[in-house]
Amino acid sequence: MDNKHRPTRRELIGVAATVAMSLAVSRRAIAQAGARVIVIGGGFGGASCARALKQLNPLLQVTLVEQNPTFTACPFSNDVIAGDRSIKQQQFGYEKVASGGVTVVAQAATKVDTSARTVTVADGSVLAYDRLVLAPGIDLRFNALPGYDEAASEKMPHAWKAGEQTLLLRRQLEAMEDGGVVAIAVPANPYRCPPGPYERASLIAHYLKTKKPRSKLIILDAKDAFSKQHLFESAWKELYPGLIERVSLSQGGKVASVDSSTNTLVTDFGKHTVQVANVIPPQRAGRIAEIAGATDKSGWCSIDPVTFESKQVSNVHIIGDACIAGGMPKSAFSANAQAKACAAAVVTLLAGGTPTPPKLINTCYSLVAPDYGISVAGVYQPKNGLLADTEGAGGVSPLDAPHEFREREAAYARSWFDTITAEVFG
């Protein structure tokens, strides 16, 4: 992975031009006015898709179904845990989405009838659609890890859905005495934000180093390899020597069960009783995807990589963390890119046209310290029924970069967050 080249400005402009051309073709293809599109889920994928649909065809009736009045973003929530950012900086409303002509229904979707093409919401109202887009994100599989359920998560927070759990983990770190042990249990793939647990470990280590230097952090990992591994491990050696210990799968790091009454994590090789336990359990597509019949045996949603239409049910599209997108990781950047491509495909399909195969970009930044950033980028296109890496495109930060480079990457990361949240919610 380290030998790949980062995309050049010319390559990125070329990809952007391809997407723009696709959108332009879609605009010309508009022939059906007043069609109804429902989007369920108001995160980076769903809100982006709803806005893009309305921008591509102002005559569409676009409805966004999202039960929470405020969206709390996961990117940079590790900064909140480490005490360097407030939760309010993560929260965004839907006023601007609504002002763009999207009807926002602030209720939970409870039922999907794919034969009648209707969605039922919490108050019993029934909404009809011609095309449905699901962007439900992930749900936590509480039954997949013995001893870990919603009640246990109040003692051993997952903090993998940003919000109160984020603040709970932060409070536990603040309350821990200097010299305590923090453990992070990392699940096997797939899960939301592949490098997220390691960014979290890094920022918690920064907090411990500066506030409670006699403490230690253990990563109990159900994998042997992970995203940006060489960059993370090199940075840990430089910034946090002796503070972070990672136990990989082959070293016995997979957590087999937990006991929340004693804050104990059990592996095949021993028990770890710690002062703060962050347990990230296995995951699956958001529940409404299963209700709609769009999940397969894996618990995730397989899709057509050109249209994002479900391979399980017709006229239903899935974007973001819930879908199986081949080599494209589950990230906010991916969800935003998929949302735009899906919107263009939906508009074209409603007009009776044939969608253009997309080229999509993902860039994922991680903070190892507040002023130390690393990144990975990739370009993806349909191949053999999945979204596959484009050979020769993308890459990761150089391993031997000077600190000034890491500072710029940290600044790029914050700039990216401000840009994407302004585009989606502002």
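**Points about the sheet that holds strand S11 (residues 181–186)**
Piece 1. Pairing in this open sheet of four strands is parallel, and the strands run S13-S12-S11-S17 from one edge to the other. Each edge of the sheet is formed by a strand with only one pairing partner; in this case those strands are strand S13 (244–247) and strand S17 (276–279). On average, each strand axis in the sheet is inclined to that of its neighbour by 15 degrees, with strand direction left out of account.
Piece 2. Across four bridges, S11 lies against S17 in parallel orientation. Bridged to Ile184 within S17 is Asn278.

**Details of the packing of helix H7 (residues 196–211) against helix H8 (residues 229–239)**
Piece 1. Contact geometry for H7 and H8: axes closest at 11 Å, N-to-C directions at 5 degrees. Considered as vectors, H7 and H8 are oriented roughly parallel to each other. Taken together, the residues of H8 that come into contact with H7 (itself represented by Tyr198, Glu199, Ser202 and Lys209) are Phe232, Trp236 and Leu239.
Piece 2. Partitioning the contact of H7 with H8 into residue classes produces four nonpolar, one polar and two charged.

**Topic: the pairing of strand S16 (residues 270–273)**
Note on strand geometry: in a regular strand, side chains alternate between the two faces of the sheet.
Piece 1. With four bridges joining them, strand S15 (residues 264–267) and S16 adopt antiparallel strand pairing. Looking at S16, one finds that Leu265 is bridged to His272.
Piece 2. The antiparallel pairing of S15 with S16 creates a hairpin that spans two residues between the two strands.

**Observations concerning the environment of Ile87**
Piece 1. In this fold, Ile87 is placed in the loop between helix H3 (77–81) and strand S4 (91–92).
Piece 2. On the accessibility criterion, Ile87 (15% relative accessible area) is buried.
Piece 3. Linking Ile87 and Pro329, residues 242 residues apart in sequence, is a C-alpha distance of 25 Å.
Piece 4. Those residues in contact with Ile87 that sit more than four places away from it in its chain are Thr72, Val80, Gly163, Thr166 and Leu167.

Analysis parameters
- Residues numbered from 1 in each chain as written.
- Predicted model: local features only at pLDDT ≥ 70, side-chain atom pairs only at ≥ 80, totals over all residues.
- Heavy atoms only, no water.
- Pairing = 2+ DSSP bridges.
- Helix = DSSP H or I, 4+ residues; strand = E, 2+ residues; numbered from the N terminus.
- Axes fitted to C-alpha atoms, helices over the stretch in contact; angles between N-to-C directions.
- Parallel < 35°, antiparallel > 145°, perpendicular 65-115°, else oblique.
- Contact = heavy atoms within 4.5 Å.
- Nonpolar A, V, L, I, M, F, W, Y, C, P; charged D, E, K, R; others polar.
- Buried < 20%, exposed > 50% of the residue type's maximum accessible area, 1.4 Å probe, protein only.

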